[in-house]
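Per-entry structural report
Spelled out, the chains give:
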Amino acid sequence: MIPVLALGLVFGLGVMLVARAISPPPPPLTEALASVHRRPDLVEIANTDDGGLSGVIGQRISPRLGRVLDSTGITSETLQTDLALVGRSIERHYGEKVLLALFGLALPSITAVVMIAGGVEVGLPFPLLGGLAMGLVFFFVPDLTLRSQAEGRRRDFRHALGSFLDLVVIGLAGGAGVESALADAASIGRGWAFTQLRNALDVTRLTGETPWDALARLGGELGISELPELAASVSLAGTEGARVRASLAAKAEAIRDHTMAAQEAEAQSETEKMALPVVLLFVGFLILIGYPAVDAVLTGI
């Protein structure tokens, strides 16, 4: 019984670590409410943290590992974009992949040692094949986490982009030009999304680049398709004098509708996930009640 309990404990610990890495828990309610009323400072997307064991390991193995992954085609095309979006260095990312792969590789061996100590015979294929499979699975866990965090950043940016477009429309309605309306709208907002918009527009004053080209370039760097579409609409007003106020207002409304639909779909998905534990609990309760009767019938036969 003890080896079985130890095996279940180790397996459950591994599953819990993977679940926490893929889907981190939400912040406490008090912290979330405080962040709503707090006016954040103007900062970059995030501070890149290369510290810790993963950063040290990543600095040593990232060049070789990067070449291997690029040659095999395993590396995602949006890896650099996602890393820049969440403020994580490539060295730290590769270090986390190696550490989790080593943990997955060692997990079946640790389980086998516990089972052998409890008197259970374990064959060599179990730690060998199990270690290779777990190591491969754990190796891709940081990629899933990175993708989830990057999608969250893009979702927040799209939400801020709707407000940015509303401010631009207000500026155009007040008689401002296209460039001044964009600059004024970017200077009013707060948060990392408005900081990126403001930085992209400020660079145009030094390079001579048009604001719509800067917005299109920012959309390519962040992987947000709405920005190039916005740049195409604004360029018509800047180069051909077209009236785009109604178009920008419609685009802002479309972004809000899309965001609302995505939030409703996510809420419905979370509601459906909540039903799974209840079903499992009900199945377990039926097994608990029905097992004595089934056992009595089988032993009686």
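Before reading further, recall that the structure is shown in the block above.
Residues numbered from 1 in each chain as written. Predicted model: local features only at pLDDT ≥ 70, side-chain atom pairs only at ≥ 80, totals over all residues. Heavy atoms only, no water.

A word on the overall build of the chain. When helices and strands are counted, the chain shows twelve helices and zero strands. For the chain, the α and β elements follow one another from N to C terminus as α-α-α-α-α-α-α-α-α-α-α-α. Across the 301 residues that make up the chain, the buried fraction comes to 33%. For the chain, long-range pairs separated by at least 24 residues make up 69% of all intrachain contacts whose partners lie at least 6 apart in sequence. Accessible surface computed for the chain: about 18,600 Å², of which carbon and sulfur atoms make up 65%. (Helix = DSSP H or I, 4+ residues; strand = E, 2+ residues; numbered from the N terminus. Buried < 20%, exposed > 50% of the residue type's maximum accessible area, 1.4 Å probe, protein only. Contact = heavy atoms within 4.5 Å. Areas by Shrake-Rupley, 256 points an atom, 1.4 Å probe, with all protein chains shown as cover.)

Tracing the backbone shows D82 in helix α4 (residues 79–86). Polar side-chain contacts of D82 include one of 2.6 Å to the side chain of R154. When neighbours within four sequence positions are excluded, D82 is seen to be in contact with L146, A150 and R154. (Polar contact = N/O pair within 3.5 Å; in protein donor to acceptor, adjacent residues only side chain to side chain.)

Let us now look at the packing of helix α7 (residues 141–173) against helix α8 (residues 178–188). For the pair α7 and α8, the least separation of the axes is 8 Å and the interaxial angle reads 135 degrees. When the interaxial angle is binned, α7 and α8 end up oblique. The two elements α7 and α8 meet at a crossing, and its hand is right-handed. Mapping the contact onto sequence places F164, L167, V168, G171 and L172 in α7 and V178, A181, L182, A185, A186 and I188 in α8. Class assignment for the residues of the contact of α7 with α8 results in ten nonpolar, one polar and no charged. (Axes fitted to C-alpha atoms, helices over the stretch in contact; angles between N-to-C directions. Parallel < 35°, antiparallel > 145°, perpendicular 65-115°, else oblique. Left-handed = near helix turned anticlockwise from the far one by under 90°. Nonpolar A, V, L, I, M, F, W, Y, C, P; charged D, E, K, R; others polar.)

It is worth stressing that arrangement in space is one thing and function is another; only the former is reported here.
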